[in-house]
Amino acid sequence: MRVSLFITCFNDTLFPQVGIATVRLLERLGHSVDFPEAQTCCGQMHYNTGYQREALPLIRRFVQIFGEAEVVVAPSASCVGMVRDLYARAAAWFDDQQLAADVAALSPRVYELTEFLVYRLGLEDVGAYYPHRVTYHPTCHSLRFLHVGDAPQRLLRAVHGIDFVELPEALECCGFGGTFAIKNADTSLAMLSDKLRHVLDTRAEVCVAADSSCLMHIGGALHRQRAGVRTVHIAEILATTEERS
Amino acid sequence: MSTPGVPGVSGVPDAPAAPERRVRRPRPLPMFQKGARQALENPQLRRNLYKATHTIRNKRAAVVGEVPDWQELREAGRAIKERTLRHLDTYLQELEASVQRAGGRVHWARDAEEANTIIARIVAEHGAREVIKVKSLTTDEIRLNEALAAQGIDAIETDLAELIIQLAGERSSHILVPAIHKNRSEIRELFLHELIEHDLVPGPRELLGTGVDELSDEPRALTTVARAYLRNKFLSAQVAISGANFAVAESGTVCVVESEGNGRMCLTLPQVLISVMGIEKVIPTWQDLEVFLQLLPRSSTGERMNPYTSLWTGVSQGDGPREFHLVLLDNGRTQVLADTVGRQALNCIRCSACLNICPVYERTGGHAYASVYPGPIGAILTPQLLGVENASSLPYASSLCGACYEVCPVKINIPEVLIYLRGQVVQHKQESALGRLSPEALAMKVMAQLFSSQMQYEEAQQLARLGQLPFVHRGAITRLPGPLGGWSAMRDLSPVPTQSFRGWWRSRQAARRKIEQPVQEEQP
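All of these numbers come straight from a predicted model, not from anything done at the bench.

Cut-offs and rules
- Residues numbered from 1 in each chain as written.
- Chains lettered and ligands numbered in written order.
- Predicted model: local features only at pLDDT ≥ 70, side-chain atom pairs only at ≥ 80, totals over all residues.
- Helix = DSSP H or I, 4+ residues; strand = E, 2+ residues; numbered from the N terminus.
- Buried ≥ 20, exposed ≤ 12 C-beta atoms within 10 Å, placed from the backbone.
- Contact = placed C-beta atoms within 7 Å.
- Domains from an automatic or database assignment.
- Pairing = 2+ DSSP bridges.
- Axes fitted to C-alpha atoms, helices over the stretch in contact; angles between N-to-C directions.

Considerations on the overall build of chain B
Right, so step 1: Check the secondary structure of chain B and you find 24 helices and 12 strands.
Right, so step 2: Along the first, second and third principal axes, the C-alpha set of chain B runs to 105 × 60 × 50 Å.
Right, so step 3: For chain B, the proportion of its 524 residues judged to be buried stands at 47%.
Right, so step 4: Taking the contacts inside chain B whose residues are at least 6 apart along the sequence as the reference set, 73% of them involve residues at least 24 apart.

Regarding the interface of chain A and chain B
Right, so step 1: Across the boundary between the two partners, chain A contributes 50 residues, which contact 51 residues of chain B.
Right, so step 2: Counting only elements with at least two residues in the side of chain A that touches chain B, the list comes to helix 1 (9-14), helix 2 (16-28), helix 3 (44-49), helix 4 (52-66), helix 8 (140-145), helix 10 (180-183), helix 11 (185-201) and helix 12 (212-224) of chain A.
Right, so step 3: In terms of residues, the side of chain A that touches chain B owes the most to one element, helix 11 of chain A, which gives seven residues.

Brief notes about the environment of Thr 53 of chain B
All names here are of chain B.
Right, so step 1: Structurally, the position occupied by Thr 53 is in helix 2 (residues 43-65).
Right, so step 2: Here Thr 53 falls in the buried class, since 24 other C-beta atoms lie within 10 Å of it.
Right, so step 3: As a C-alpha pair, Thr 53 and Ile 180 span 127 residues in sequence and 8.5 Å in three-dimensional space.
Right, so step 4: Among all residues touching Thr 53, those that are not within four sequence positions of it are Asn 356 and Glu 362.

Observations concerning unusual backbone geometry
Right, so step 1: Located in the positive-phi region is Glu 169 of chain A, a residue other than glycine, with phi close to 45°.
Right, so step 2: In this structure, Asp 199 of chain B is a non-glycine residue whose phi angle is positive, near 55°.
Right, so step 3: Checked against the element boundaries, Asp 199 of chain B lands in the loop between helix 9 (184-196) and helix 10 (204-208).

Structural notes on the domain arrangement of chain B
Right, so step 1: The domain boundaries assigned to chain B delineate domain 1 (29-66 + 343-429), domain 2 (67-331) and domain 3 (468-513).
Right, so step 2: Here the C-alpha centroids of domain 2 of chain B and domain 3 of chain B sit 56 Å apart.

Here's the deal with the sheet that holds strand 8 (residues 230-233) of chain A
Residues and elements named next belong to chain A.
Right, so step 1: Strand order in the open sheet formed by four strands is 6-5-7-8, with parallel pairing between adjacent strands. The open sheet is flanked by strand 6 (163-165) and strand 8, the only strands paired with a single partner. On average, each strand axis in the sheet is inclined to that of its neighbour by 35°, with strand direction left out of account.
Right, so step 2: As paired strands, strand 5 (residues 133-136) and strand 6 are joined by three bridges and run parallel to one another.

Pasting the structure below:
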C-alpha cells in the first residue's frame, strides 16, 4: 500500500524520532511511504483554542495536500481526530459545502497509526522486540474521538520480550489538553499528578502513548521529578527489532 | 389562567409586550482559574470530591451496563428533545392550555426578576412568611431565596444536601448532590451548631437516644436530626415551591423526581404549590416520559428506578394542594435556542453524569465555576445564558477529553459546544484593540501565518532552534517566560532537536538518489 505520512508539525519539529520510527515500521511491513513536504499543521491548536477563522485556511491546505492520497497515516491520535471529527464540523460552521464534500471524501482514508495496523492491515505482531517493562496510557482522543479501542494494547502485548503492565485508572485524561495546560495550569498539574502516581505505581520503566503531546506533558514531569521513567511513542517501540534497536 | 394587569407578566407568548422595564445586565463571573486554584489547595475537598465522584461514577457505569439498548435510548432522548425544541412555542402553548384545563394557573417570566416578582406576589397573597422548597436548580438560577428574603419570606430547603448548604450559608457545588464538597463530620458540626444549639430540633436527646455531645456522624443519626427539623416545616407550611424535571404538554402533567421523599411532602401537604420550570423542560407526550425516566435515574444517581417520582396534573378535589401555579421561565433560553450549535445544551435533563465523570470537576469541585450550573454542562450553559463575555473562562475549563459526551444520556456534544464557544470568546475579544493585541492573539496570528506556507514553516523551525538557546540548561528547558511559565512549573521540556523529521527525510531521499552508491540511511 502507498501510505502518505501525515507527520504532524509537533512530531516534525519536536519529536522527529517518532516519524522516523513510523517510516521504518511501515517500510519493514512492506508498504511504501510518501511524505508530502508541503504539509505543515492540521490547525488543531488554533481550532480548539477558539481561533477557528485562523484554522480554516490550514484545514483547506491539508485537504488539498492529502486529497489524492491512497491512505494517510499519522502517529498522532489527536491530529487524526482533528481531521476526522472536527474538519466536517468546521466546514459546517463556515458553511463551506465544497470543503464539506472534500472532507467527507478524504476522512475515511485518514488513520492513526495503531488503528491502521490493527483494523486496516489486520496485524498485531509486527515483529518488534522491546525487552522492557512498559505501561500504556490511552490518550483521550484515541479513545473517545477515534475509538481505537484496544488496538494499541494488542500491538504492545505482541511485542517480543516486552513486560507489559496495565495502567490503573487508565481512561482518565492526563491533563494536557493543548492550551489547557497553559491556560488552566493548576488544574492541569493536579490531573497530571494523579496520572504520574498511577504510572509510578506500575513500576514500569517506560510509559507509552499514541500521542507525543500527552507524552511531552507526562514525560516533562517525570523528567523534572527524576522519576527514572521514560516516555516513548508507540511507533518507536513497534519499529524496534532485535536487529535494530 | 393568565394574570392580566400585573406588570411584567404576559398571558401567552404572543401577547402584547409587557411594559418596558430595565433589564439588569449580568455581571462578569470571576475567572475559573481563580476558584480552581483555591479549591486545589484544599486536600480535604479533593478527597471528598474524589470519593463522591468515583462512587457515583462507578454506580452509573454498572447500571448503564445492564441496559442492552442504552445507545438507542440515548438516541431516543436526544431526538425527543431536539424535536421538542424545534417546535417549542407550540408545545409550550399546548402545555399552558392543558394546565389551565386541569385547574392550574400558568405564568410566563422573561427573566429572573419577573419570575421572582410573580412568586413573591403569590406567596404574599396567602399571607405566608415561610415557604418550603423542593430542591430546584431553576430557583437557584433566579436566586429566588434571596428575592423572597428581601420580601420578608423565609424559604426552607427540604432536600438534605440543600438544607446542609443553606445552614452553612454556602452555595451548591454539584447539580445533584449540592453538598458534595462536605464530608459527614463537617455536617455533624453544622447540625450541632445550627439546629440543635438553636433548639430548632424538638427533643434531640429522646430523638437520638444519646447526649447531644455524643451525636455521631453516622448518616442515620444525621438524617434523624434533619428529619425532625423538617417534619415540623412540612406540617406547618402553607406554600411549597418546586422546580420541574419534565412537564407533559398533552396532559399538563408536571413531574418531579427525587430520592428522599421530601419532595413528595412539599408537593402534597401545603395548600399552595408553585412550580418554576425552564421552558426547555416541556416534553410532548406521556410516552416521551418513558424514555427519560429510564435515562435519568441510571445516569444521575446510578439507580435503576427513581425512588420518588411525583406526577400531578393541575389540582384535584380533596387531594393535594388547592392551588397550583406553573411559572414558565425563559431567562436567556430563547437566546440559546436561536444558536444552531449551542442549542443542544437545552437538551440537558440535569442528571450530572458529566460532572461526575469530568476530570476537571473531580479536582476543582463546583464552586470554581461560580455558577448554579457547574461542570461540563455548566461550562456550555452558563456562558450562553449570561453571554460569553460574562463567563469567558468557562469554555476553557476543560481538557476536551470527551468523557462528558460519552456519558451524556441525551448526547449533548459538550466538547463541540466548548470549542464553538471558545470561538465566540475569541471573536468577542477581537472586538477590542486590547484583545487583538494580547500575547495569545498575536501568537496565534503569527503561527497561523507561518503554517500557511511550507517555506515560512521551515524557517520557523530553524528559528525555534536558535530562539530556545537562552532557555536550554543542561539538555533541558526548565523555565519558560510569561504565560508559558505554567508549563514549566512542573514540567521540563526537551530542546528542539537539531534535525527535524523533514530534514531527516530529505537527507535520506538525497542519499537514495545517489544510485551509484548503496542506499544508506543517515541517523537523525
